[in-house]
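One letter stands for each residue in the lines below.
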Amino acid sequence: MPDPLGAAAGRVAELLSEVAETHHRVYRITDGADADWASWYAHWLVELSELSDVLGRRPVRSELTYLLVLLDKEVSARPPGEPWEQYYARRITEQLAG
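Everything quoted here is computed from the prediction, not taken from an experiment.

## What to know about the packing of helix H4 (residues 61-77) against helix H5 (residues 84-96)
So, step 1. At their nearest, the axes of H4 and H5 sit 11 Å apart, and the two run at 140 degrees to each other. In terms of axis orientation, H4 runs oblique to H5. Taken as a pair, H4 and H5 cross one another with a handedness that is right-handed. On H5, the residues that touch Glu63, Leu64, Leu67, Leu68, Leu71, Asp72, Glu74 and Val75 of H4 are Tyr87, Tyr88, Arg91, Ile92, Gln95 and Leu96.
So, step 2. Looking at the contact of H4 with H5 residue by residue, the class counts come to nine nonpolar, one polar and four charged.

## Overview of the packing of aromatic side chains
So, step 1. This model, assessed by the stated rule, comprises three aromatic pairs.
So, step 2. Seen from their ring centres, Tyr27 and Trp40 are 6.4 Å apart, and the 85 degrees between their planes marks the pair as edge-to-face. Residue Tyr27 is located in the loop between helix H1 (4-26) and helix H2 (37-48), and its partner Trp40 is located in helix H2; the two are separated by 13 residues in the primary sequence.
So, step 3. Judged by its relative accessible area of 25%, Tyr27 is partly exposed.
So, step 4. Plain terms: the ring middles of Trp37 and Tyr41 are 5.0 Å apart, the flat faces sit at 80 degrees to each other, and that makes the pair edge-to-face. With Trp37 and Tyr41 both in helix H2 and four residues apart, this pair spans about one turn of that helix.
So, step 5. Judged by relative accessible area, Tyr41 falls into the buried class, the value being 10%.

## Description of the environment of Glu82
So, step 1. Position of Glu82 among the secondary structure elements: in the loop between H4 and H5.
So, step 2. Each C-alpha atom of the pair Glu82 and Trp37 lies 21 Å from the other, and the pair is 45 residues apart in sequence.
So, step 3. In this view, Glu82 contacts Tyr87 and Arg90; residues no more than four positions away in its chain are not counted.
So, step 4. Side chain to side chain, Glu82 and Arg90 meet in a polar contact 2.5 Å long.

## Looking at the pattern of salt bridges
So, step 1. Per the counting criterion, the structure on display carries seven salt bridges.
So, step 2. Across the salt bridge formed by Glu14 and Arg11, the nearest N and O atoms sit 2.9 Å from each other. You can see Glu14 and its partner Arg11 sitting in helix H1, three residues apart, about one turn around the helix.
So, step 3. The exposure class assigned to Glu14 is partly exposed, which follows from its relative accessible area of 47%.
So, step 4. Residue Arg11 is classed as partly exposed on the basis of its relative accessible area, which comes to 27%.
So, step 5. Among the charged side chains, a salt-bridge network with shared partners connects Arg11, Glu14 and Glu50.

Rules of the game
- Residues numbered from 1 in each chain as written.
- Predicted model: local features only at pLDDT ≥ 70, side-chain atom pairs only at ≥ 80, totals over all residues.
- Heavy atoms only, no water.
- Axes fitted to C-alpha atoms, helices over the stretch in contact; angles between N-to-C directions.
- Helix = DSSP H or I, 4+ residues; strand = E, 2+ residues; numbered from the N terminus.
- Parallel < 35°, antiparallel > 145°, perpendicular 65-115°, else oblique.
- Left-handed = near helix turned anticlockwise from the far one by under 90°.
- Contact = heavy atoms within 4.5 Å.
- Nonpolar A, V, L, I, M, F, W, Y, C, P; charged D, E, K, R; others polar.
- Phe/Tyr/Trp six-rings, centres within 6.5 Å; stacked < 30°, edge-to-face > 60°.
- Buried < 20%, exposed > 50% of the residue type's maximum accessible area, 1.4 Å probe, protein only.
- Polar contact = N/O pair within 3.5 Å; in protein donor to acceptor, adjacent residues only side chain to side chain.
- Salt bridge = Lys/Arg side-chain N within 4 Å of Asp/Glu carboxyl O.

Written out as structure tokens, the structure is:
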């Protein structure tokens, strides 16, 4: 039997890769440097991607921004044994899926 949360997390990981690539292109002049990256990511994910469909509900942008910052701090303090996109995706799906 397929794991719907696992499938959702896989799709969220793909969206995170896409937003990272898009952000890097938009901020190419600074080589991707952006102190407010989490707000940018959250806006793109909520307004311009299929994240709401994948999660089964539209996340509150400020909650997603907070979660992205929290996950960044966690990964910086203790890198996971997997790509950041997978780690973030699993946590985002656990926290925000409807």
